[in-house]
Amino acid sequence: MSSEISLDMGSFPNELKLLLALIGLDNDSESFSHVRKDINNIDWGKFLQLTRHHRVFPLVAKNINKIDKKIIPIEIAKSIYSDFRKNTLQMLHLSAEMERICESFKNNNICLIVLKGPVLAKALYGDVSFRTSKDLDILVPTEKIEMAGLLLQELGYKTEVNNTSFKQKGNHISYINSEKCIEIELHWKLNPGDRNEPEFKELWERKRLSPLSISSSIYLLGNEDLFLFLILHGARHGWFRLRWLVDIDFMIRNGIDWSIGLPLLKKYNCLTVVGQAIILASQLFKTAIPNDLEGLTKNKLSLNLAKKALIFIKDMIVFTDLPKKLVPFFKYYSFLLLPSSKRWMFLLNLLYPNIRDVQILTLPKPLHFLYFPLRPLLWFWRLSKSRSSISAKKDRQKRASVG
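Computed from a predicted model, the values in this text were never measured in an experiment. As a convention, each chain's residues are numbered from 1 in the sequence order in which they are written. Two thresholds apply to this predicted model, a pLDDT of at least 70 for residue-level local features and 80 or more for giving and counting side-chain atom pairs, whereas whole-chain, interface and lining totals are computed over all residues. Only hydrogens and water are set aside when side-chain values are computed; all heavy atoms of the structure are taken into account.

(A) A look at the side chain of His53. Helix numbers and strand numbers start at the N terminus; a helix is a DSSP run of H or I with at least 4 residues, a strand a run of E with at least 2. Tracing the sequence through the fold places His53 in helix α2 (residues 44–53). Setting aside residues up to four positions removed in sequence, His53 forms contacts with Phe240, Arg241, Met316 and Val318. What makes two residues a contact is simply this: any of their non-hydrogen atoms within 4.5 Å.

Below is the structure:
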């Protein structure tokens, strides 16, 4: 771990420090001894809540066996083992359905790559039960998306999305089989938005056969493509679940061919977010930083992004359910994740007039060029009007409550 990296984790609650020590036990056998002094001050209910929120109870269940069993109260240990057993059944259930889906797609000549779920658990941890998953994520070529959707419907899945308009936004459509209680995310892209990424043809050429294949061919992403995908996915979500960082830790420990991986990460402008991830993993789990990536930890933006992600990790903040006060913070965080060229384009778009400017100030066509220099003033006007409206609404509510 680079001595130059410094993240302030002093405000972390004792429960989170204990959880991190248990997760990082394989990387640093001494890490657990540093938190033992605070064992008497642990809120065990909160500790259990953290293991569930961060989806790391399978790994915690495994590592509890490596420490003095008297440290963890027996009822808490039983709950963690119970969660682990339930997850094992869930992953076996998903594995069987994944086999059925892949067999059907193969018979209908649709190329399919499984992105996460049981194949990821097996590839990283050697056992499907050591990672959690609530659904199956599959990737197909863009031109096959309608056919894939119809096939899923034949297999008992339903969606509320009209998949003829799928290209308009996002990168996947959700399908649900209520009878089997399984959700499938049908992807045509790895990432949402207009971020550059490998074409399906490239990914298919580098795919791997999963050892979970029995009667059908189950494929997953090539190792370096998988690293790229997991890095971008975790960063986009603010790493609010430690499970995603644990995946990165295990990928680094299992070994990556950096002669392939680094050029791939450079090509798709991901070095900054890779730096963020390895800074977080090295600080939280004592992950050993590969020599090829050591330089990325010195990137100031990577360090800044890592510090911002700590807020989501520490306070168990789910990015899809942000407190209102954190919305601007997350927007700024998301902006910093963009490649520099995309950030410039984003800023330029902010200066470009839109329909709301016209609604505030209608100018004759020959004077439309004035919308550009006037846009900051029009934006400020909208902001002031919005705040006044909110303040007036609060006053009315206050008067109504008094009355």
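The structure having been displayed, the exposition proceeds.
(B) Structural context of the packing of aromatic side chains. Note on aromatic pairs: the rings of Phe, Tyr and Trp (six-membered ring only in Trp) are paired at centre separations within 6.5 Å, and the planes decide the class, stacked below 30 degrees, edge-to-face beyond 60, tilted for the rest. Within this structure, the stated rule accounts for 14 aromatic pairs. An aromatic cluster is defined as three or more aromatic residues linked by ring pairs; in this entry it consists of Phe240, Trp244, Phe312, Phe319, Phe329, Phe330 and Tyr333. Geometrically, a charge over a ring is one whose NZ (Lys) or CZ (Arg) sits within 6 Å of the ring centre while staying within 35 degrees of the ring normal. Above the plane of the ring of Tyr219 lies Lys207, whose end atom (NZ or CZ) is 4.9 Å from the centre. Between the NZ or CZ atom of Arg253 and the centre of the ring of Phe250, over which it lies, the distance is 4.3 Å.

(C) Representation of the pattern of salt bridges in the model. For this analysis, a salt bridge means a side-chain nitrogen from Lys or Arg found within 4 Å of a carboxyl oxygen belonging to Asp or Glu. Scanning the entire structure with this criterion turns up 11 salt bridges. Among the ionic pairs, Glu97 bridges to Arg100, the shortest N-O distance being 2.8 Å. With Glu97 and Arg100 both in helix α4 (residues 74–107), this residue pair falls three residues apart, about one helical turn. Among the residues examined, Arg100 registers a relative accessible area of 30% and is labelled partly exposed. Whether a residue is buried, partly exposed or exposed follows from its accessible area with a 1.4 Å probe, protein chains only, as a fraction of its type maximum: under 20%, in between, or over 50%, in that order.

(D) View of helix α5 (residues 117–125). The buried fraction of α5 is high, at seven of nine residues. Taken residue by residue, α5 has Gly117, Pro118, Val119, Leu120, Ala121, Leu124 and Tyr125 as its buried positions. The inward-facing, buried residues of α5 abut α4, β1 (113–114), β2 (135–139), β6 (219–220), α8 (223–236) and α9 (242–254). Note on α5: the residue one or two positions beyond its end, Gly126, has a positive phi of about 80°.

(E) The arrangement of the packing of α5 against α9 in detail. For every element, the axis is a line fit to its C-alpha atoms; helices are fit only across the contacting stretch, and the angle between N-to-C directions ranges from 0 to 180 degrees. The interhelical angle for the contact between α5 and α9, taken along N-to-C directions, is 45°, at an axis separation of 9 Å. One way to sum up the angle between α5 and α9 is to call them oblique. Residues Leu120, Ala123, Leu124 and Tyr125 of α5 lie in contact with α9, whose contacting residues are Arg243, Val246, Asp247, Phe250, Met251 and Asn254. Residues that form the contact of α5 with α9 fall into these classes: seven nonpolar, one polar and two charged. We call two directions roughly parallel when the angle between them is under 35 degrees, roughly antiparallel when it is over 145, roughly perpendicular when it lies between 65 and 115, and oblique otherwise. Amino acids outside the nonpolar list (Ala, Val, Leu, Ile, Met, Phe, Trp, Tyr, Cys, Pro) and the charged list (Asp, Glu, Lys, Arg) are all regarded as polar, and Gly is one of them.

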